[in-house]
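Examining the three-dimensional arrangement
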Amino acid sequence: MNTPRHTDTTGCAGDAVAWWKEAVVYQVYPRSFKDSNGDGIGDLKGIISKLDHIASLGVDIVWINPVYASPDRDNGYDISDYRAIQPRMGTVEDLQLLIRKVHKKGMKIIMDMVINHTSDDHAWFREARRSRDNPFYSYYHWWPAEKGKPPHRCGFFDPAGKGWHYNKATRSWFLHYFSKHQPDLNWENPEVREQLYDVLRYWLNMGIDGFRLDAITFISKDTRWPYVTPTILKDGYYGDWGHYYAKGPRLHEYLREMHEKVWRHYDAVTIAEAPGIKAEEANLFVDPERKEVDMVCHFEGIMAGYMPGEFKKMQPGGYSVKELKKIYSDWDGALNCRGWGTIYLGNHDQPRMISHWGHDGAEYRDLSAKMLFTFLLTMRATPFIYNGDEIGMVNIRFDQIEDYQDIETRQVYQRIKGSGGDVNAFMKDQQLAGRDNGRTPFQWNKRAYAGFTRGKPWLKVHPNYIQINAAAQENDPSSVLHFVRDLIRLRKSIPALVYGKYELLLPEHPDVYAYCRKGNGDRCIVLLNFTSRDVSCPSDCPIPVGGEIIVNNYSGIRERDGHWLLRPYQALVCRVAPAST
Ligand code: TEU
Ligand code: CA
């Protein structure tokens with residue numbers, strides 16, 4: 001698949017063909033995908049046993065979340081040995097077998113790499129915290145006690161919201177943007193950078209095809225440690241924190257160095273997880289001339305509808321379709337002719353796609369899933385499918401804090417409780433937004449624990465697995481699963497759906513997201529009703545005469561008074577083939 005399938009472009013230098021632009025990514029959350037040995041935790045052998053399912057979708061890249069040695073405080077996002085596989089996940093041999101099998105099926109495999117921080121159990125940190133003279137002390141960021149208290153920084157997963165933790169032996173605080181078990185690495189130290197580049201080469205040499213770079217926008221810190229006003233650095237989660245933390249003075253210098261020392265020597269794809277990055281900054285990362293990374297996963301789309309300055313609290317009434325259109329159109333506009341985008345509607349840090357953006361009640365569950373997949377797979381960006389979404393999995397909505405395993409939910413609960421906040425409101429918000437909603441075990445079939453494990457799963461299985469599971473979807477030609485497969489095939493057969501220009505239609509329509517994808521005389525018009533109501537598409541809605549409907553999640557199209565009438569969550573794609581233009 002290194003050779004791109006398509007040769008036509010829009011004529012922009014930045015739209016040059018590349019295999020990863022034509023790819024569809026499938027994200028596997030290994031812990032919850034398939035358990036092979038009955039310990040209740042998904043593992044590498046489990047993934048291997050389900051590769052047929054993945055390949056059957058027609059996806060090109062498999063991204064696996066971290067499987068390195070880790071005390072698992074944050075499900076692997078706290079690495080204690082960069083070159084070892086977490087024994088619960090399997091062995092290096094299992095990984096090598098997975099790589100071979102994925103390649104044999106014509107797909108690529110990328111790993112998640114967490115290099116903003118390590119685990120506090122990593123040998124570097126165990127040394128570092130012993131004394132200031134230890135050679136590893138300078139691998140991390142410290143604030144010495146003789147300077148008084150450190151200036152406030154956020155610890156996103158800290159029960160007090162604090163990003164500095166005091167270490168007695170060194171009489172200093174260490175920095176941790178996430179939990180105190182995840183100390184931030186000191187990228188100012190060239191030895192740290194060399195060590196990390198070596199880790200990247202190690203896995204690339206083993207046959208890995210690239211990386212998703214976790215929280216990479218946070219690696220550079222302003223080590224003059226300026227006082228930052230609380231209005232900029234809110235204790236709250238989604239204030240402006242991201243924009244501050246993602247603006248470290250040497251960030252782009254580090255990314256260019258990484259490119260020069262690592263990526264340049266491999267045909268690897270690099271995807272930067274980019275919290276805090278706005279559309280206008282996107283090209284600083286992905287403009288090919290800058291030689292930094294291939295793509296970024298921004299947060300603006302996924303955070304639409306959350307209350308600013310609050311911890312993952314949804315706005316009453318949810319997101320607005322107009323806001324969504326603006327965000328995605330701005331990103332497309334910013335990248336147009338220069339960089340290349342990504343699109344995702346869910347991942348392991350988010351609630352389930354259908355519960356978040358669609359409707360998870362029985363009546364609209366499948367319809368809204370199909371509409372959302374139509375959106376995901378017809379935009380001008382590399383689409384990321386999160387495992388389970390293709391079979392229509394939805395939020396579990398726990399009502400007890402004990403059911404949650406996620407460090408984020410648990411710590412924020414402590415924070416709110418400790419400060420006398422409204423824990424009941426928080427529990428309600430978590431039913432919509434909590435990360436564990438997206439992490440419940442994959443629902444394979446209607447056997448015990450949804451066929452995920454022979455033992456007891458590490459996180460509860462959604463009770464709806466009897467109806468919603470891969471086996472049932474497989475047997476139903478009208479299922480979400482079949483729809484997704486068809487859409488992926490369609491995206492691959494129509495170059496305009498990959499490289500074609502994106503043009504927003506009906507910008508003022510409050511419910512319908514409509515756009516056109518154009519390239520090489522080919523034109524596809526996409527109409528998406530994001531609501532559970534019948535809505536009319538005004539007469540200026542340019543359904544062309546002679547167009548062919550190539551996607552419809554209903555069996556027909558309704559018309560009233562010369563207007564198209566879109567049914568709840570209806571998705572239509574109309575193609576005006578090259579011959580008829
Ligand atoms: O997430 C980075 C990040 O910015 C998170 O704070 C994210 O905003 C949050 O999870 C949303 O609720 C990455 C990983 O994807 C996440 O799973 C890790 O917990 C985090 O880094 C720390 O490594
Ligand atoms: Ca297991």
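Residues numbered from 1 in each chain as written. Chains lettered and ligands numbered in written order. Predicted model: local features only at pLDDT ≥ 70, side-chain atom pairs only at ≥ 80, totals over all residues. Heavy atoms only, no water.

**A short note on the sheet that holds strand E18 (residues 548-552)**
Rule in force here: When DSSP finds two or more bridges between two strands, those strands count as paired. Here a strand is any run of E in DSSP of at least two residues, a helix any run of H or I of at least four, and the numbering for each starts at the N terminus. Axis lines are fitted to C-alpha atoms, over the contacting stretch for helices. Their N-to-C directions set the angle, which ranges from 0 to 180 degrees. By the convention used here, residues are in contact when the closest approach between their heavy atoms is within 4.5 Å.
Overall, antiparallel pairing links the 5 strands, which are arranged E14-E15-E16-E21-E18 in an open sheet. The open sheet has two free edges, formed respectively by strand E14 (501-505) and E18, since each of these has just one partner strand. Shown here is a sheet whose adjacent strand axes are inclined to one another by a mean of 20 degrees, direction ignored. Sheet topology note: the E14/strand E15 (residues 512-519) ladder contains 5 bridges and is antiparallel. Of the residues in E15, the one forming a bridge with Lys501 is Lys518. Its contacts with the sheet put helix H10 (residues 321-335) on E14 and E15, and the angle it makes with E15 is roughly 20 degrees. Strands E15, strand E16 (522-529), E18 and strand E21 (571-576) of the sheet are contacted by helix H12 (residues 365-376), whose axis makes an angle of about 145 degrees with E16.

**With respect to the site of ligand 1**
Just so we agree on the cut-off: One heavy atom within 4 Å of a molecule or strand is enough for the residue carrying it to be called near that molecule or strand. Nitrogen and oxygen atoms within 3.5 Å of one another constitute a polar contact, given that in protein one can donate a hydrogen and the other can accept it, and given that sequence-neighbouring residues count only through two side-chain atoms. Values of accessible area rely on a 1.4 Å probe in the Shrake-Rupley scheme; residue burial ignores everything except the protein chains shown. Three classes are used: nonpolar for Ala, Val, Leu, Ile, Met, Phe, Trp, Tyr, Cys and Pro, charged for Asp, Glu, Lys and Arg, and polar for all others, with Gly counted as polar.
By nearness alone, 18 residues border ligand 1, and Asp74, Asp214, Asp349, Glu408 and Arg435 come closest of all. Contact between ligand 1 and Asp74: an oxygen atom at 2.5 Å from a side-chain N or O atom of the residue. With respect to ligand 1, the side chain of Glu408 contributes an N or O atom lying 2.8 Å from an oxygen atom. For ligand 1, whose free accessible area comes to 490 Å², the fraction covered by protein is 100%. Residues belonging to the shell around ligand 1 are distributed by class as follows: 7 nonpolar, 2 polar and 9 charged.

**Here's the deal with the nonpolar core**
Going by this rule: What is meant by a nonpolar core is a set of buried Ala, Val, Leu, Ile, Met, Phe, Trp, Tyr and Cys residues, joined one to another through side-chain atoms within 4.5 Å. Residue burial is assigned from relative accessible area. The probe radius is 1.4 Å, only protein chains are included, and a residue is buried under 20% of its type maximum, exposed over 50%, and partly exposed in between.
In terms of nonpolar packing, the biggest core is built from 177 residues, with Ile64, Trp203 and Phe211 touching the most fellow members. The element contributing the most residues to this core is helix H6 (residues 190-206), with 8 residues. Every residue in contact with Trp203, bar those within four places of it in the chain, is listed here: Tyr68, Tyr82, Arg83, Ala84, Ile85, Leu95, Met111, Met113, Ile208 and Phe211. Counting 12 residues, the second-largest nonpolar core is a separate cluster that includes Cys537, Trp564, Leu566 and Leu572.

**A short note on the confidence of the model for the chain**
Predicted coordinates in regions of low pLDDT should not be interpreted in detail. To keep things clear, this is the line we draw: Across the chain, each position has a pLDDT score giving the predictor's confidence in that residue, from 0 to 100.
Mean pLDDT over the chain stands at 93; residues scoring 70 or higher make up 93%. Note that pLDDT drops below 50 for residues 235-239; the model gives that stretch 21 contacts with residues more than four away or on any other chain.

**Describing the pairing of strand E13 (residues 382-386)**
Of all the 5 residues making up E13, 5 are buried; the element is thus mostly covered by neighbouring parts of the structure. Burial along E13 is two-sided: the face carrying Thr382, Phe384 and Tyr386 and the face carrying Pro383 and Ile385 are both buried. Here 3 bridges tie strand E1 (residues 25-28) to E13, and the two strands are oriented parallel to one another. The partner of Tyr26 across the bridge, within E13, is Ile385. Bridge count for strand E12 (residues 342-344) against E13 is 3 bridges, and the pairing is parallel.

**A short note on the coordination of the calcium ion (ligand 2)**
Counted only if it meets this: The donor set covers N, O and S atoms within 2.8 Å of the metal, switching to 3.2 Å for Na, K and Ca, and it leaves out water, so a site may look short of donors.
Looking at the calcium ion (ligand 2), the protein donor atoms are Asp35 (OD), Asn37 (OD1), Asp39 (OD), Ile41 (O) and Asp43 (OD), and they sit 2.2 to 2.4 Å from it. Read N to C, the donor residues that coordinate the calcium ion (ligand 2) are spaced as D-x1-N-x1-D-x1-I-x1-D.

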